[in-house]
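# Per-entry structural report
Letter by letter, the chains look like this.
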Amino acid sequence: MTATVTDQAGVVGYDVVDGVAVLRIVNPPVNSSTVAVRQGVTEGIRRASADAAVVAVVLIGTDRAFVTGSDLREFDGPLPDPQLPSVIRAIEQSPKTVVAALTGPVLGGGLELALGCDARVAHPTTVVGLPEVSLGMIPGAGGTQRLPRLVGAARAIQIVCSGARLGAATALEAGIVDVVAEGDLLEQAIAHARSASKRLLIDLPVPAESPGAVEAAAAEQLRKGRGRPQVVAAVGAILMAVSVAAPAALRHERAEFDRLRLGREARALRHLFFSGRATAREYRKDAAKDVTTVGVIGAGTMGSGIARSFVDHGFSVVLVDTDDAATSRGVERLVSGWQRAVRSGGMDDTELQRRRDRVTTSTSFDALGGCDLVIEAVFEDAAVKSDVLRRIEDAVGPDAVIATNTSYLDLDALAQQLQAPHRLVGMHFFSPAHATKVLEIVRGAESGSAEIATAVSLARVLGKTPIVSGVGFGFIGNRVFAAYRRQCELMVLEGALPHQVDAALQEFGFAMGPFAVADMSGLDIAWNMRKSRPGTGDAVIADRLCEAGRFGQKTGAGWYRYRSDSTEPIVDHEVEALVERTAQDLGVTRRPISAGEIVRRALLAMVNEAAQAVSEGVASSASDVDVMLTLGYGFPKHEGGPVFWYRQEDPVVVDEELRQLGDRLGRVSDDVSVLADRTTA
Ligand code: NAD
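Residues numbered from 1 in each chain as written. Predicted model: local features only at pLDDT ≥ 70, side-chain atom pairs only at ≥ 80, totals over all residues. Heavy atoms only, no water.

### Here's the deal with unusual backbone geometry
- Here the amide bond leading from proline 28 into proline 29 is cis, since omega sits at 5°, within 30 degrees of zero.
- Summarising the element assignment, proline 29 is placed in the loop between strand 3 (20–25) and helix 1 (35–50).
- We note that aspartate 18 has phi near 50°; this positive angle belongs to a residue other than glycine.
- As for its position among the elements, aspartate 18 is in the loop between strand 2 (12–17) and strand 3.
- Although it is not a glycine, arginine 226 sits at a positive phi angle of roughly 45°.
- For arginine 226, a relative accessible area of 61% translates into the label exposed. (Helix = DSSP H or I, 4+ residues; strand = E, 2+ residues; numbered from the N terminus. Buried < 20%, exposed > 50% of the residue type's maximum accessible area, 1.4 Å probe, protein only.)

Right, here's the structure in full:
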């Protein structure tokens, strides 16, 4: 190949190779589409179109990505010109064939740009998708119109609404890419461009399908998307591809994209997207230690979940418990989890066996000698944990990191059990540990920076967002959630009923209300904690429920009652009577509490606690609270988290409401405005 013209000015380079103009998009760090990229591509297309020596064009990115997607930082206001639809128009109107050479993630606007080209040649590692719906929007540059013309309306509905990411082979089978390159991508794309002719996807008909298939796909996605407006809009726009002329359908799509993009839900989801990427940033600069083998002490609920999390991501695990029966139960849990994955098509038997082979079990701490990291997940008891930590330190090599999964115990006191306290960090996994998307990393006063960096980097490897918390009761997540639950219990004492509170918060968007959650996890855990740590907040009604043997689902009764064969909560008049008696005993006059007041007080309690956690330095950033609550506690993502919610409110009104709630909040934060940094909102 010979280059005849080279021009690397700006973010889009222009070369001519064998009569084909190669427009190379280089926009570090992630090759997103910004206004400079859009200008560069438009200018390159104009230049190639006018160049008689050029027979075709290849649009290519870097080894890392073609174009990962649109730069979301541009999305909060009017988009600068040229906007993506006009770049695509320029490609379509060019007399030259334009081929997209795809690498890496090609998502959102990146895929729409590629679909605006005449053909697509993909590197085998390419991944394509349209994730706009998960960000509260719909594709806005023809994605809902061109994709159905390739894959049919039913499959387009599934791909767009689920935000699915398709690998190169699947994209080839679906017709989204024309060729998967073997060998040099650019060479193949150039050869393809020289032989292919113009083929505007927008001019193709949508393949005929049975209306039943399209309706079924739409119904399934609307159900899964719980009626969110962007899912409704995406389905509507894709259906227009079948029934409406392309120019009008494209205009409709763009208008819907802009409406949703600027709406509160999309802003909330962008806030979570940026906040999720920014967590633990200050701890990422330190060098993490290499970890290949992980020891897990305690093969119970959490220990086996933690072990699975590591094994699923390629680590070897040594699982230790007090006796063989306990380790066997732990391994059974792991294997039955994998068997479920095999049954649902997530893996095959060979892979199951491979994972099983990476787990060894022992009843002796001596087996931990080769571990780079050991996490204890034994009973939540300071004496038991202290003993276990000392024994871990004796068993492991001098460089191994030691971690605890404690939910509430004082990490600094635990660290003092070690000869080298800097080795201890908290790695607080949430249940089910292999599936939850967040990991709370607790930084003790003496935790070493390499140890924290190791935990942070492992969280990312495990597919979890790391949130670093300081030491304090309940760290960040359980602390803020406990304040919310306390407020809900108080509202029950003052006049609401558990099912009214649950209904109001579910209507707000929580997957489950706090009382249904408490019944599911078991009321006895918090009860035991209150008994062992007086002063950690009273919960008179919950205490009385426990005294009556009502521990939740496991005893068939808690805040609700349950049939033996079901986890469906049933409103129980005995609870209402117990609530009324308790209120009388405490001299509280009950009154009706509206759904609006329930939601506001529950949110204000979280805001108040979040402000204290930030002021005390337990949370290093207010937005960490939002990431934690949405990923770990079922706070509705489309509301962006309690801090995002607060930032949309009038601070004067919130201050006044907090003042009025006064001691019903426990302690009113001195200054909720610590949450007011609006830079990421
Ligand atoms: P669990 O009772 O299911 O399991 C604890 C396991 O530890 C048992 O198998 C027990 O035999 C073993 N064990 C106890 N002492 C031991 C010792 N000296 N040596 C070796 N093994 C020993 O408890 P769990 O729910 O898995 O909780 C474990 C830890 O995880 C606790 O600190 C808890 O607070 C924390 N945690 C639990 C959850 C949850 O949802 N269950 C969530 C986050 C954190």
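What follows picks up the thread again.
### Re the nonpolar core
- By size, the foremost hydrophobic cluster in this structure holds 69 residues, and its most contacted members are Leu59, Phe66, Leu102, Leu113, Leu147 and Ile176.
- Per-element tally for this core: the top contributor is helix 5 (residues 153–162), with seven residues.
- In terms of nonpolar packing, the next biggest core, distinct from the first, is built from 65 residues, Ala605, Ala622, Phe635 and Leu665 among them. (Core = buried A, V, L, I, M, F, W, Y, C linked by side-chain atoms within 4.5 Å.)

### Brief notes about the site of the ligand
- Taken together, 21 residues lie near the ligand, and Met302, Asp321, Glu380, Lys385 and Ser407 sit nearest.
- Within the side chain of asparagine 405, a nitrogen or oxygen atom sits 2.8 Å from an oxygen atom of the ligand.
- Relative to its unbound accessible surface of 830 Å², the ligand loses 77% to contact with the protein.
- Those elements that provide at least two residues to the shell around the ligand are helix 12 (301–312), helix 15 (382–395) and strand 16 (424–429). (Near = heavy atom within 4 Å. Polar contact = N/O pair within 3.5 Å; in protein donor to acceptor, adjacent residues only side chain to side chain. Areas by Shrake-Rupley, 256 points an atom, 1.4 Å probe, with all protein chains shown as cover.)

### Considerations on empty space enclosed by the protein
- Enumeration according to the criterion identifies one cavity of 30 Å³ or more in this entry.
- What the largest cavity holds in volume is close to 70 Å³.
- Split by residue class, the lining of the largest cavity holds six nonpolar, one polar and two charged. (1 Å grid on protein atoms, 1.4 Å probe; cavity = no way out; pocket = protein on both sides within 12 Å on 5 of 7 lines; lining within 4 Å. Points joined across faces, edges and corners; volume = space filled by probe spheres on them. Nonpolar A, V, L, I, M, F, W, Y, C, P; charged D, E, K, R; others polar.)

### A closer look at the layout of surface pockets
- Looking at the second largest pocket, its volume works out to about 390 Å³.
- In this structure, the second largest pocket is lined by 22 residues; those nearest its centre are Arg486, Leu490, Leu493, Asp538 and Arg664.
- Elements with a contribution of two residues or more to the lining of the second largest pocket: helix 18 (477–494), helix 22 (540–547) and helix 24 (595–615).
- Among the elements that line the lining of the second largest pocket, the one with the most residues is helix 18, at seven residues.
- Considering only residue class, the lining of the second largest pocket consists of 11 nonpolar, four polar and seven charged.

### Here we look at helix 20 (residues 514–521)
- Turning to helix 20, its buried residues number three or more, namely Pro514, Phe515, Ala516, Ala518 and Asp519.
- Packed against the buried residues of helix 20 are helix 18, helix 19 (498–508) and helix 21 (523–532).
- Directly beyond the C-terminal end of helix 20, a positive phi value near 105° is found at glycine 522. (Contact = heavy atoms within 4.5 Å.)

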